[in-house]
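Survey of secondary and tertiary structure
Here is what each chain is made of, one letter per residue.
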Amino acid sequence: EEEFKWLLQEEVHAVLRQLQDILKEASHRFALPSSGSGAAVRQENFVLSTSGTDQVKGVLTLQGDALCQADVNLKMPRNNQLLHFAFREDKQWKLQQIQDARNHVNQAIYLLMNRDVNYQFKTGSEVLKLMDAVMLQLSRARNRLTTPATLTLPEIASSGLTKMFTPALPPDILVNFYINLNKLCLTVYQLHVLQPSTTKNFKPAGGSILHNPGAMFEFGSQRYEVSHVHKVECVVPWLNDALVFFTVSLQLCQQLKDKISIFSSYWNYRPY
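Here is a short report on the structure shown in this document. (Residues numbered from 1 in each chain as written. Predicted model: local features only at pLDDT ≥ 70, side-chain atom pairs only at ≥ 80, totals over all residues. Heavy atoms only, no water.)

**Examining the layout of surface pockets**
Put simply, the largest pocket is a space of about 300 Å³. Around the largest pocket, the lining comprises 17 residues; the ones closest to its centre are Trp93, Ala149, Leu151, Asn176 and Phe177. The biggest single contributor to the lining of the largest pocket is strand β7 (residues 173–180), with three residues. Residues of the lining of the largest pocket, tallied by class, amount to 10 nonpolar, four polar and three charged. (1 Å grid on protein atoms, 1.4 Å probe; cavity = no way out; pocket = protein on both sides within 12 Å on 5 of 7 lines; lining within 4 Å. Points joined across faces, edges and corners; volume = space filled by probe spheres on them. Helix = DSSP H or I, 4+ residues; strand = E, 2+ residues; numbered from the N terminus. Nonpolar A, V, L, I, M, F, W, Y, C, P; charged D, E, K, R; others polar.)

So this is what it looks like as structure tokens:
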């Protein structure tokens, strides 16, 4: 009983402090402040590449959770024509995955800070409930980075991203940016129009993270088929840091839950 009291009064708070420290580090990675308080979020440049092909090359500028510049070169397979696109100067593309992940981390920190050092935990179930709530936020934060949204091709075609470039993207090109684990990814889809006389059986593709050549869709009054898909990516080191912090924090939460559960089961089954 004394040991369990010590666990509730001392060790739980030690773990909560440790979790707060780790998650504040994770939160700082997302905020990316420059040196000096109140400074603007710094910009970072990343070179997009993929092994074995040079069809698409580019440089992306990331500022916190926004792509503020994108400079992309695309070599067309049909005629080796080189196309160049860049974001218009007045445009930024919000990466919702980063914003959501950071919000979940901050929510987890808020839950932990609500139980300050003077707070007395009365029962093991109270600690388990808190750990479950923190772990839920951390799992959601991690899932936002590890699981990109599934989109249909018409959703990609109608997204604001297509209107961000100068010169404007031609109608037979679609692009999509997303986060996958610690990588920032760009997918470029080249399309060809399906003529009404085509003998192909038209079957529109559903939602997917990455569509394959042969996927069909209807947009406006036109039917299209994906002819080529190019995916290029770059590693964002601080996203890797954040994922490591999430894993370590989830392990700490689980270890504390296991200790509480062992004491609780002993408590329930001890002889009288």
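**A look at unusual backbone geometry**
In this structure, Pro167 follows Thr166 across a cis peptide bond, with omega equal to -10 degrees. Here the phi dihedral of Leu181 falls at roughly 60 degrees; this positive angle occurs in a residue that is not glycine. Here Leu181 shows up in the loop between β7 and β8 (183–193). A relative accessible area of 42% means that Leu181 is categorised as partly exposed. (Buried < 20%, exposed > 50% of the residue type's maximum accessible area, 1.4 Å probe, protein only.)

**A short note on the nonpolar core**
Core analysis: the largest hydrophobic core is formed by 66 residues, its most contacted members being Phe30, Met131, Phe165, Phe177, Leu186 and Phe246. For Phe30, the contacting residues outside a window of four places in its chain are Gly64, Ile98, Ala101, Arg102, Val105, Leu145, Trp238, Leu239, Ala242 and Phe246. (Core = buried A, V, L, I, M, F, W, Y, C linked by side-chain atoms within 4.5 Å. Contact = heavy atoms within 4.5 Å.)

**Regarding helix α2 (residues 96–113)**
Taking 1.5 Å per residue as the helical rise, α2 with its 18 residues ought to reach 26 Å, and the 26 Å between its terminal C-alpha atoms agrees with that figure. Restricting attention to buried positions, one finds in α2 the residues Gln97, Ile98, Asp100, Ala101, His104, Val105, Ala108, Ile109, Leu111 and Leu112. (Expected span 1.5 Å × (residues − 1).)

**Some points on helix α3 (residues 124–146)**
With 23 residues, α3 should cover 33 Å at 1.5 Å per step; its first-to-last C-alpha distance of 32 Å lies within 8% of that length. Among the residues of α3, those classed as buried are Gly124, Glu126, Val127, Leu130, Met131, Val134, Met135, Gln137, Leu138, Ala141 and Leu145.

**So, the packing of α2 against α3**
One way to put it is that α2 packs onto α3 with a least axis distance of 8 Å and a crossing angle of 165 degrees. Judged by the angle between their axes, α2 and α3 are roughly antiparallel. With respect to the hand of their crossing, α2 and α3 are arranged in left-handed fashion. Touching Gln96, Gln97, Asp100, Ala101, His104, Val105, Gln107, Ala108, Leu111 and Leu112 of α2 are Leu130, Met131, Ala133, Val134, Gln137, Leu138, Arg140, Ala141, Arg144 and Leu145, all from α3. For the contact of α2 with α3, the per-class residue count stands at 12 nonpolar, five polar and three charged. (Axes fitted to C-alpha atoms, helices over the stretch in contact; angles between N-to-C directions. Parallel < 35°, antiparallel > 145°, perpendicular 65-115°, else oblique. Left-handed = near helix turned anticlockwise from the far one by under 90°.)

**Side note on the environment of Thr50**
By secondary structure assignment, the location of Thr50 is in the loop between β1 (44–48) and β2 (56–63). When its relative accessible area of 30% is taken as the criterion, Thr50 is described as partly exposed. Residue contacts for Thr50: discarding those within four places in its chain leaves Lys231 and Val232.

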